Amino acid sequence: MINQPSSWWPQVTQSAAERPLISMLVFIFILGMLGVWSLLAADPSPIKSDMMSLVYETGSDTVREAALTRMRNLSNQQQLWIVSHPDRDIAFTAAESISGKLAASDLFYSNGLASGSLNQTALTEFYADHPFQLADDETLRAAEGKNFAPLISAVERALYSNARFFPASALQDDPFLLRNNFLAALRNIPPPFVFDRGRLAAKLDDRWTFLLPLHLKRSAFDFENQERLGIFTAAVTRDLKGTYPKVKVDTIGVIDFASVNRKLAIREVSLIGSVSLLMVTLLLFSAFRHPRAYLAVIFTIATALLGGCFASLISFGSVHLLTLIGGSTLVGISVDYAFHFLADRYRQGDGPWRALDTINHVTPTAAMGLATSVLGFFGLWSSGFRGLQEIAVFSASGLIVAFSTLVLAYPLLLAGWRPASNPPFVLRLAQSWRAHWSAGPRTLWLLAGASALLFLSAPPLVVSTDVRPLAADTPAINKLAAQSTTFTARLTDSRFIIVRAGDQERLLQREEELRIHLDALKEDGSITQFQQLARFVPSIRRQQATIDLNKSLYLAPGQAITELSERIGLDPRVADSQRTALRENPSPSSLSLTDWLKSPVSKPLRYLWLGEVEGGVASIVTLSGVHNANALHSRIDPLASVSVVDYIADMSGAFGLYVLNAVKGLAIALALVAALMVYRFGLAAGIITLLGPVLSGLLTITWLLFLGEAINLFHIVGLAIILGMGMDYTLFLKAGGCAPSAALAVLLGAITTECAFGLLGLSALGGLSSFGTTVAIGTAISFLVAPLAAGPAHTASVH
Amino acid sequence: MPPAKQISRFCRRCLLFVSIFAYCLIGGHVKAGQTNPTHSQREESVRFTAAEFHQNRHIKVLARPLVSSGTVELSERGFDWKQTAPYEIWLIYDGTSILERTRIGGQETTKEVLDPIVNGLTRTLFLMLSGSLSSIEIGFEIQQQVTDSTANWHYVLIPRDVEIRGIIPRIEIAGGRYLDRIRVEESQGNFTLIELSGHRPNE
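Residues numbered from 1 in each chain as written. Chains lettered and ligands numbered in written order. Predicted model: local features only at pLDDT ≥ 70, side-chain atom pairs only at ≥ 80, totals over all residues. Heavy atoms only, no water.

Chemist: Residues and numbers for the overall build of chain A, please.
Modeler: A tally of helices and strands in chain A yields 33 helices and 13 strands. Relative to the compact-globule value of 28 Å for 799 residues, chain A shows a C-alpha radius of gyration of 35 Å, a clear excess of over 25%. Its C-alpha atoms give chain A principal-axis dimensions of about 120 × 55 × 45 Å. Burial status across chain A gives 57% buried among its 799 residues. Of all intrachain contacts in chain A linking residues separated by at least 6 positions in sequence, the fraction that spans at least 24 positions is 82%. Of the accessible surface of chain A, which amounts to about 30900 Å², a share of 61% is contributed by carbon and sulfur atoms. Across chain A, the 61 positively charged side chains and the 60 negatively charged ones have centroids separated by 7 Å. (Helix = DSSP H or I, 4+ residues; strand = E, 2+ residues; numbered from the N terminus. Rg over C-alpha atoms; globule rule 2.2 N^0.38 Å. Buried < 20%, exposed > 50% of the residue type's maximum accessible area, 1.4 Å probe, protein only. Contact = heavy atoms within 4.5 Å. Areas by Shrake-Rupley, 256 points an atom, 1.4 Å probe, with all protein chains shown as cover. Lys, Arg positive; Asp, Glu negative; His and termini not counted. Charge placed at Lys NZ, Arg CZ, Asp CG, Glu CD.)

Chemist: I'd like a description of the overall build of chain B, backed by residues and values.
Modeler: Helices and strands together make up the secondary structure of chain B, namely six helices and 11 strands. Classification of the 203 residues of chain B by burial places 54% in the buried group.

Chemist: Could you give an account of the sheet that holds strand E2 (residues 66-74) of chain B, naming the residues involved and the relevant values?
Modeler: The strands that make up a sheet are held in pairs by hydrogen bonds between backbone atoms, and each pair lies either parallel or antiparallel. Residue and element names in this part refer to chain B. Read from one edge to the other, the open sheet built from 11 strands follows the order E6-E5-E4-E3-E2-E1-E11-E10-E9-E8-E7, with strand pairing classed as antiparallel. At either margin of the open sheet sits one strand with a lone partner, and together these are strand E6 (107-113) and strand E7 (140-144). Going across the sheet, the axis of each strand differs from the next one's by a mean of 20°, ignoring polarity. When strand E3 (residues 79-85) meets strand E4 (residues 89-93), the two strands line up antiparallel, connected through five bridges. By the bridge assignment, Asp 80 is partnered in E4 with Ile 92. Strands strand E1 (48-58), E2, E3, E4, strand E5 (98-104), E6, strand E8 (153-159), strand E9 (171-175), strand E10 (179-185) and strand E11 (191-201) of the sheet are contacted by helix H4 (residues 116-129), whose axis makes an angle of about 100° with E3. (Pairing = 2+ DSSP bridges. Axes fitted to C-alpha atoms, helices over the stretch in contact; angles between N-to-C directions.)

Chemist: I'd like to hear about empty space enclosed by the protein, residue by residue, with values.
Modeler: All names here are of chain A. The full count for this structure, using the stated rule, is nine cavities of 30 Å³ or more. Of the volumes computed, that of the second largest cavity is approximately 110 Å³. Forming the boundary of the second largest cavity are His 340, Asp 344, His 361, Val 362, Thr 365, Phe 732, Ala 735, Gly 736, Ser 741, Ala 742 and Ala 745. (1 Å grid on protein atoms, 1.4 Å probe; cavity = no way out; pocket = protein on both sides within 12 Å on 5 of 7 lines; lining within 4 Å. Points joined across faces, edges and corners; volume = space filled by probe spheres on them.)

Chemist: If you had to explain the environment of A:Ala685 to someone new, which residues and values would you point to?
Modeler: All names here are of chain A. Take Ala 685: it is sitting in helix H30 (residues 683-706). A residue is classified by how much of its surface remains accessible, and Ala 685, at 27% relative accessible area, is partly exposed. For the pair Ala 685 and Pro 600, spaced 85 residues apart in the sequence, the C-alpha separation amounts to 76 Å.

Chemist: For the packing of aromatic side chains, give the residues involved together with the corresponding values.
Modeler: Throughout the structure, instances matching the rule amount to 21 aromatic pairs over all chains. On the basis of an interplanar angle of 85° and a centroid distance of 6.3 Å, the ring pair of A:Tyr337 and A:Phe403 is categorised as edge-to-face. One end of the pair, A:Tyr337, is in helix H14 (residues 330-343); the other, A:Phe403, is in helix H17 (residues 386-408), and 66 residues separate them in sequence. Residue A:Phe403 is classed as buried on the basis of its relative accessible area of 10%. Where B:Phe79 meets B:Trp81, the ring centres are 6.3 Å apart and the plane angle is 75°; that geometry is what we call edge-to-face. Judged by relative accessible area, which is 1%, B:Phe79 ranks as buried. (Phe/Tyr/Trp six-rings, centres within 6.5 Å; stacked < 30°, edge-to-face > 60°.)

Chemist: Tell me about the interface of chain A and chain B, residues and numbers included.
Modeler: Taken together, the contact between chain A and chain B spans 60 residues of the former and 60 residues of the latter. Of the roughly 5100 Å² buried between chain A and chain B, counting both surfaces, carbon and sulfur atoms make up 59%. Three residues stand out in chain A for area buried against chain B, namely A:Arg157, A:Tyr160 and A:Phe165, and they jointly supply 16% of the buried area on that side. Residue A:Asp206 pairs with B:Arg77 through a salt bridge whose shortest N-O separation is 3.8 Å. Linking chain A to chain B there are 14 residue pairs in polar contact (both at pLDDT 80 or more). For the side of chain A that touches chain B, the secondary structure elements donating two or more residues are helix H4 (88-104), helix H5 (120-127), helix H7 (149-160), helix H8 (170-173), helix H9 (178-187), strand E4 (194-196), helix H25 (560-568) and helix H26 (572-584) of chain A. (Buried area = accessible area lost by both parts, 1.4 Å probe. Salt bridge = Lys/Arg side-chain N within 4 Å of Asp/Glu carboxyl O. Polar contact = N/O pair within 3.5 Å; in protein donor to acceptor, adjacent residues only side chain to side chain.)

Chemist: Let's hear about the packing of H30(A) against helix H33 (residues 766-790) of chain A: which residues, and what values?
Modeler: Residues and elements named next belong to chain A. Relative to each other, H30 and H33 sit at 145°, their axes nearing to 8 Å. By crossing handedness, the relation of H30 to H33 is classed as right-handed. Contacts between H30 and H33 pair Ile 688, Thr 689, Gly 692, Leu 695, Ser 696, Leu 699, Thr 700, Trp 703 and Leu 704 from the former with Thr 773, Thr 774, Ile 777, Gly 778, Ile 781, Ser 782, Val 785 and Ala 789 from the latter. Partitioned by chemical class, the residues of the contact of H30 with H33 number nine nonpolar, eight polar and no charged. (Left-handed = near helix turned anticlockwise from the far one by under 90°. Nonpolar A, V, L, I, M, F, W, Y, C, P; charged D, E, K, R; others polar.)

Chemist: Give me helix H12 (residues 291-316) of chain A: which residues, what numbers.
Modeler: It helps to recall that an α-helix has 3.6 residues per turn; residues three or four apart then point in one direction. In this model, H12(A) (26 residues) spans 37 Å end to end at C-alpha, consistent with the 38 Å of a helix rising 1.5 Å per residue. A:Gly317, located one to two residues past H12(A), shows a positive phi value of around 80°. (Expected span 1.5 Å × (residues − 1).)

Chemist: Break down the pattern of salt bridges for me, with residues and values.
Modeler: All names here are of chain A. Within the structure shown, the criterion is met by 27 salt bridges over all chains. Among the salt bridges present, the one from Glu 224 reaches Arg 218, with a minimum N-O distance of 3.7 Å. Given a relative accessible area of 47%, Glu 224 falls into the partly exposed group. Its relative accessible area of 31% is what places Arg 218 among the partly exposed residues.

Chemist: Describe a nonpolar patch on the surface, with residues and values.
Modeler: Residue and element names in this part refer to chain A. On the surface, a cluster of nonpolar side chains totalling about 470 Å² of accessible area is made up of Ile 22, Val 26, Phe 29, Ile 30 and Met 33. Along the chain, Phe 29 falls in helix H2 (residues 20-41). Taking relative accessible area as the criterion, Phe 29 reaches 53% and is therefore assigned exposed. (Patch = residues over 30% accessible without salt bridge, like charges linked within 9 Å, V, L, I, M, F, W, Y side chains within 5 Å.)

Chemist: So what's going on with the confidence of the model for chain B? Residues and values would help.
Modeler: All names here are of chain B. Confidence in the prediction for chain B averages 75 pLDDT; 69% of positions are at 70 or higher. For residues 1-45, every residue scores under 50 in pLDDT, and the model assigns this stretch 111 contacts once sequence neighbours within four places are set aside. The complex model carries a pTM of 0.72, and its ipTM stands at 0.78. (pLDDT = per-residue confidence, 0-100.)

Chemist: Describe the pairing of strand E2 (residues 78-85) of chain A, with residues and values.
Modeler: Two faces make up the sheet, and in a regular strand the side chains alternate between them. Residue and element names in this part refer to chain A. Within E2, seven of the eight residues are buried, which leaves the element mostly enclosed by the surrounding structure. The pairing of E2 with strand E6 (residues 207-216) spans eight bridges and is classified as antiparallel. Along E6, the bridge assignment pairs His 85 with Trp 208. In this structure, E2 lies alongside strand E7 (residues 248-253), joined through six bridges in antiparallel fashion. Opposite Gln 79, over in E7, you have Gly 253 as the bridge partner.

Chemist: How would you explain the environment of A:Ala142 if you had to name every residue and give the values?
Modeler: Residues and elements named next belong to chain A. Within the fold, Ala 142 resides in helix H6 (residues 137-142). In this structure Ala 142 comes out as buried when scored by relative accessible area, which is 18%. Considering only alpha carbons, one finds Ala 142 and Ile 152, 10 residues apart in sequence, at a separation of 8.8 Å. Each residue touching Ala 142, except ones within four places of it in the same chain, is listed here: Asn 147, Pro 150 and Leu 151.

Chemist: How would you sum up the nonpolar core? Please name residues and give values.
Modeler: All names here are of chain A. Counting 105 residues, the largest nonpolar core has Phe 288, Leu 380, Tyr 410, Leu 713, Leu 744 and Phe 771 as the members making the most contacts within it. Those residues in contact with Leu 744, other than ones at most four positions away along the chain, are Phe 288, Ala 343, Tyr 346, Val 426, Leu 427 and Ala 430. Grouped together as the second largest cluster of nonpolar side chains are 52 residues, Ile 497, Leu 533, Leu 623 and Met 651 included. (Core = buried A, V, L, I, M, F, W, Y, C linked by side-chain atoms within 4.5 Å.)

Chemist: Requested: an account of unusual backbone geometry, with residues and values cited.
Modeler: With omega at 5°, the peptide bond leading from B:Ala85 into B:Pro86 counts as cis. One can find B:Pro86 in the loop between E3 and E4. A positive phi angle, close to 60°, is found at A:Leu177, a residue other than glycine. Mapped onto the secondary structure, A:Leu177 falls in the loop between H8 and H9. Within the chain, A:Ser641 stands out as a residue other than glycine whose phi angle is a positive 60°.

Chemist: I'd love a proper account of the packing of helix H22 (residues 504-523) of chain A against helix H28 (residues 629-636) of chain A, names of residues and values included.
Modeler: Residue and element names in this part refer to chain A. Contact geometry of H22 with H28 gives a least axis separation of 10 Å together with a crossing angle of 155°. Compared by their axis directions, H22 and H28 come out roughly antiparallel. Handedness of the crossing formed by H22 with H28: right-handed. The segment H22 lies against H28, with Leu 514, His 517, Leu 518, Ala 520 and Leu 521 engaging Ala 631, Leu 632, Arg 635 and Ile 636. Among the residues making up the contact of H22 with H28, the classes are represented as seven nonpolar, one polar and one charged. (Parallel < 35°, antiparallel > 145°, perpendicular 65-115°, else oblique.)

Chemist: Describe in detail the pairing of strand E5 (residues 199-204) of chain A, supporting the description with residues and values.
Modeler: Residue and element names in this part refer to chain A. The element E5 is extensively covered by neighbouring structure, given that five of its six residues are classed as buried. Both E4 and E5 contribute to a ladder of three bridges, which runs antiparallel. Paired with Asp 196 across the strands is Arg 199, a residue of E5. The turn linking E4 back onto E5 is made up of two residues, and Arg 197 within it adopts a positive phi angle of 55°. With five bridges connecting them, E5 and E6 associate as antiparallel partners. Directly across from Leu 204, in E6, lies its bridge partner Arg 207. Counting the residues between successive antiparallel strands, the hairpin from E5 to E6 contains two residues, one of them, Asp 205, with a positive phi of roughly 50°.

Structure (structure tokens):
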């Protein structure tokens, strides 16, 4: 039997039983104070839906984290509207028609509605002050070694090629087309995209697709913003369909993912909560047949959920939708204590319910059950994964509040309650189960041996650290993911490069060196495009080299300009004018990165500049269409002060760390529970008590392996819950001994828990599905194994 | 004029020049309904599959025009501009992307052209070659000139935008049974003349 509680506890329970109204008021006051505290601690938008915000960064590299935050914020604020039609002109016209409405809407910044590219006019005007410092890579390569014959040939061929653009007047200012080619290099866009009438377009799957990149004014995770945008999108699409029935309009952005996930979460929370509540209602009425009992349980559920929310707000400032879904299973767990309390009524026999007797009888075991559950949630907490930590805090706090209701609220809520005159069917069922399904420790050890054999014969254990379990698997999400791969990743891949250096000049030089490698990767098809600061602002070293090149072309003996003039028949006055300009100002001022960053032309690309960090400076180089990540890494990784950031791979790496932490946390929780059991029951009985939940966990994993599941983080933290639940069942059955009331409570608790986690197992969110499936299987096994671990029951009769 | 100012002017001109080709395509089917029936007839009559071309680019600062020649092969979606003289340079347009294929000393090099301006210009040229006046008309006012023979036709394309008109006042396209001539006038008296001959009909 459970040991007697410490001396202060009987005083608390006696006071609560004798002054039910005061104890209820104390409970409400404490909960109210927690509510006020949580309101003070809560963020302005306390409900979150950003999945990525659940993952703590694990590294200590502040530059990398700053870059990740920059890229994530940028991505969060963007939305891409996709207008497509088989006919190019109709698709364009439809896109134009929509763009007017988008510009007029207050949902987006209107300047984001341009082509999504740089403002070419402003850009060319900006470079006008630096006529001799700008040249493209190809031209500089052609002029290497002061042998200008290849350069002259290239210029001559370019003049005759319709695949090169230069206005006729360009030759007047730039006969070698150095600046012309520099500006052309800035215009390049990654295939398969083209610019058509000022808009980004692509032909995909025999449809012409025009892209309208937009910048959201408000957060993608703002629910009101999501709602307004949804209504706006539907209205615009409807209007457009009226004019162009075959036009398709799609949108891609973090806001679209967030919106779909939010709707999914609301649906799942409603479903799990409602079905759990319905199941609880049915069980309550069949077992206790009294509205007062029902009221007490609803009170427990409601206050447990409130307590969970308050604790999350106090701890994290917000409650995530994932937490609400995971925490909605709290409905199933929190009622367990209420069931034990109510079932104890059948132990008391006839007459009105005696609060103090029940409290004294149930709470010691419930407290130990609570301790083991909280230790189980400690396993979740120690995973390091923010999402699971939130669920752990939410659920542990909810359970503590649920436990508190037993002592502080139930004396008032159940005052004067009498049991049903006839024993309910479920009580008889529970009694029968307890009486027949129990055996000695030998059976349990035999079962343990069989389980171990089964585990050894199961398919090999594969641990998955894939980040994708986070994502929901629904048609809407899959469609968004496919579109994201088609469009967004081709424009800006999730992988990018961080470049670091001591100062701006060295940074630009390093980017120029990096460009050689990136061009090679482009050449072999490993990537399609990249964007970097050094494209727009050459290093001073390179600018000086370009000035020197111009001097060689125009001023050096045997000038190249003379040969070019002869070959193409250039007016001598053009060469004279260039010579004069170079002689009058032989050392023109350099174009600096600081000036460029201050200029409005840099606005769309300023995110590439990370600024001063850790005693130096850093920048981002974005990539488009990464087709061969291995080639990218093998080329870039050896470079000094340059690192590829692969967000998805890093997340998976972090998940691997979380898995390790979760296993450690589980081991710690198991050790603590074992110590508690040995302390309470002695070595042999303690081990036997613990064996039930351990066996449940082992059989659950074996089952999952036979199902072909790769074990992920969510499976492992599910084991922590199984430990808590299994201990609960065993302890209550052990404490209840021959009393059928304990068996009834365990049976009711198992059914509701099974229902809650079974529903969670059907969740479209892969991680939660793994979690729910694991706990559902584990709970069922725990329920079956608990009587074996609790020891044989004596024959008992129902009062 | 200081070089900085010259470059600024040059850049503006570049942009305006490009804008013409962007502008000429803007508008879509809203305006397509206004197409002159004569144009529609013309669109049907000018289709051909191949022709010889002779291109002269007259630039004032050059003592002689940039002359090139070769053949153009037109397909449903694009065209191959196979320049053989003075250099072998092919421009291959499939309606979406452009490849530049060059041969230097027996060595062939193919490169994808990613410059959106070239892409816009190439598409405009394709619309002219394929006689898709309804698409061209979106950005240009199309005037039909009286010719000496009823069998011949001659259109003057005037950019609708006043600013663009200041840089490229007009484009002329002319022909008889087929498109024979394209003349693009640039600023300062510069112009490009493309003459087509030896058309092979679209069977």
